[in-house]
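# Architecture and fold: a report
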Amino acid sequence: MEHVNIDYAAMLQDLNEWCAINSGSTNLIGMAQMHQRLFEAFKPLSDNIESIPLPDVTSISMTGELTSQAAGHALLIRKRPHLKRRILLSGHMDTVFGVEHPFQTLQQLDDNIINGPGVADMKGGLVVMRHALQAFEQSTHAHTLGWDVIISTDEEIGSNASNSLLMNIAKSARAALVYEPAITPDGRFAKNRKGDLKVTLVTTGLAAHSGRDFDKGRNAICYLADIIMSIQALNGQREGLTLNIGKIAGGTALNIVPDKAVAQLDIRLLYPEDEVWVREQLNIIQQQHQKTGYSLSVTHRYDRPVKRVNKPTEQLFTRLQTLAQSHQLQLTWEDCGGCCDGNNLAQLDIAVLDSLGVRGGNIHTSAEYILLDSLIERAKLSAYLLDDLARGGLETIY
Ligand SMILES: [Zn+2]
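I will try to describe carefully the structure that is included in this document. Nothing here was measured: the structure is a model prediction, and the numbers come from that model.

## Side note on the overall build of the protein chain
For the protein chain, the helix and strand inventory stands at nine helices and 20 strands. Computed over the C-alpha atoms, the radius of gyration of the protein chain is 23 Å, within 12% of the 21 Å expected from 2.2 N^0.38 for a compact globule of 398 residues. The C-alpha extent of the protein chain, read off along each of the three principal axes, is 80 × 40 × 40 Å. Within the protein chain, buried positions represent 54% of all 398 residues. Intrachain contacts of the protein chain at a sequence separation of at least 6 include 79% that bridge at least 24 residues. Of the roughly 17,100 Å² of accessible surface on the protein chain, 50% is carried by carbon and sulfur atoms. Of the side-chain charges in the protein chain, 36 are positive and 45 negative, and the distance between the mean point of each set is 4 Å.

Laid out in structure tokens, this is it:
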């Protein structure tokens, strides 16, 4: 595929329109608008396009209650569904910026930089995906390769609702391409990614009047404090494994011995076996702290397994590097602490590249930006890769 036609003005228009819509993970109205825009944008490229209702997401709130939250509709877009030679492309339409967040508008900082919510993570990536597919469909080999696109609504809150859909579709794919942004402004790809466990601890004790009946009370905050100090002490025991006690809440009025307290933890893992270790340690701590009149519950909010690159992934990245080189582009990859749907996909025995989106930076902050010259560069890169896979590249990764 020598000549790839990418319409930069159309890319820029998509970027501006899509980023102007607030689609924070919990903003279902904005998400529905975003869903509609994407539906219209991808429909002309597809043979089949479906809105898939996602199950509600349940979690434990900081008051210790079980809450459930609607997750909206994912988009499933299919091309040549009859073909066995298939690849998966995935992305998410949600951002970390809710309706109440002050960061809502786009601002052009210079000729090459736009600052705005989701410009890099990952509405810019969705723009790249759309225009790469459009270019690929012009290739004379396109008819030999089927593709499925899944765009989810809950990636930024752990993909609990969309994960089974993603994994199901991925089963019939030889390779998965995820449009998360490059991990550095110069375009580096993510290699191995750390895993992430989100854990909620809820302790209960017994409420009592702090003046009249102090001795009858059982203080759930103090009980929780003991437990989290034991958890904190696990830091430094295994290479690359960190446990961050990020949130804590408990108590009502000052004159009541508190009967409930809640903490939330973010645990990052370097190796798959760390997960077994950390679960064992949490069990041991739970056993050691058993105390009459108190209770502790440990709930996993969501888990992203560790991603270690497998042979098919290495082969696919090498192919991409070679393709890039023939277009004067040097690609490298390195390990990354952040995680994404690529972590889940990497549990299957397929090739997974998960930073095919734009170059930019400061994601998840009000300083998020995109480097505009990466729009065409990355769309071409994906179009070359798709064409290469269609021409027989797919059979060289196994
Ligand atoms: Zn993302």
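## As for the pattern of salt bridges
Per the counting criterion, the structure on display carries 26 salt bridges. Lys198 is paired through a salt bridge with Asp266; the nearest N and O atoms lie 2.3 Å apart. Linking Lys198 in strand β11 (residues 195-204) with Asp266 in strand β15 (residues 260-269), this pair joins segments that are 68 residues apart in sequence. Residue classification places Asp266 among the buried positions, given a relative accessible area of 16%. The residue Glu275 makes a salt bridge to Arg279 at a minimum N-O spacing of 3.1 Å. One end of the pair is Glu275 and the other is Arg279, both in helix α6 (residues 273-288) and four residues apart, which spans about a single turn.

## Describing the side chain of Thr203
Within the secondary structure, Thr203 is located in strand β11. Looking at Thr203, its side chain comes within polar contact range of the main-chain oxygen of Ala220, at 2.9 Å. Those residues within four positions of Thr203 in sequence are excluded, and the remaining contacts are Ala220, Tyr223, Leu224, Ile227, Asp259, Lys260, Ala261, Ser295 and Leu296.

## With respect to the nonpolar core
Formed by 67 residues in total, the largest nonpolar core has its most connected members in Phe42, Ile87 and Leu177. Broken down by element, the residue count for this core peaks at nine residues, all from helix α9 (residues 373-390). Leu177 has contacts with Ile87, Leu88, Leu89, Ser90, Leu316, Leu353, Leu356, Leu385 and Leu386, leaving out every residue within four places of it along the chain. One finds Leu234, Trp277, Val278 and Tyr294 within the second-largest nonpolar core, a separate group that totals 24 residues.

## So, the sheet that holds strand β13 (residues 242-250)
Taken in spatial order, the four strands line up as β13-β15-β11-β16 in an open sheet, and their pairing is antiparallel. The outermost strands of the open sheet, each flanked by one partner alone, are β13 and β16 (295-304). Strand-to-strand twist of the sheet, defined as the mean angle between neighbouring strand axes without regard to direction, takes the value 20°. By the bridge criterion, eight bridges tie β13 to β15 in an arrangement that is antiparallel. Residue pairing across strands places Ile248 opposite Ala263, the latter belonging to β15.

## Digging into the pairing of β11
The side chains of a regular strand alternate between both faces of the sheet. The element β11 is largely enclosed, with a buried count of nine among its 10 residues. Summarising the sheet, β11 and β15 pair through 10 bridges and their orientation is antiparallel. Directly across from Gly195, in β15, lies its bridge partner Leu269. The pairing of β11 with β16 spans nine bridges and is classified as antiparallel. Of the residues in β16, the one forming a bridge with Val199 is His300.

## As for the packing of helix α2 (residues 28-42) against helix α3 (residues 123-136)
At a closest axis distance of 11 Å, the pairing of α2 and α3 adopts a crossing angle of 20°. Our classification of the angle between α2 and α3 gives roughly parallel. Viewed along their axes, α2 and α3 form a crossing whose handedness is right-handed. The residues of α3 that touch α2, namely those facing Met34, Leu38, Ala41 and Phe42, are Lys123, Leu126, Met129, Arg130 and Leu133. A breakdown of the residues in the contact of α2 with α3 according to their chemical character gives seven nonpolar, no polar and two charged.

Parameters and conventions
- Residues numbered from 1 in each chain as written.
- Predicted model: local features only at pLDDT ≥ 70, side-chain atom pairs only at ≥ 80, totals over all residues.
- Heavy atoms only, no water.
- Helix = DSSP H or I, 4+ residues; strand = E, 2+ residues; numbered from the N terminus.
- Rg over C-alpha atoms; globule rule 2.2 N^0.38 Å.
- Buried < 20%, exposed > 50% of the residue type's maximum accessible area, 1.4 Å probe, protein only.
- Contact = heavy atoms within 4.5 Å.
- Areas by Shrake-Rupley, 256 points an atom, 1.4 Å probe, with all protein chains shown as cover.
- Lys, Arg positive; Asp, Glu negative; His and termini not counted.
- Charge placed at Lys NZ, Arg CZ, Asp CG, Glu CD.
- Salt bridge = Lys/Arg side-chain N within 4 Å of Asp/Glu carboxyl O.
- Polar contact = N/O pair within 3.5 Å; in protein donor to acceptor, adjacent residues only side chain to side chain.
- Core = buried A, V, L, I, M, F, W, Y, C linked by side-chain atoms within 4.5 Å.
- Pairing = 2+ DSSP bridges.
- Axes fitted to C-alpha atoms, helices over the stretch in contact; angles between N-to-C directions.
- Parallel < 35°, antiparallel > 145°, perpendicular 65-115°, else oblique.
- Left-handed = near helix turned anticlockwise from the far one by under 90°.
- Nonpolar A, V, L, I, M, F, W, Y, C, P; charged D, E, K, R; others polar.

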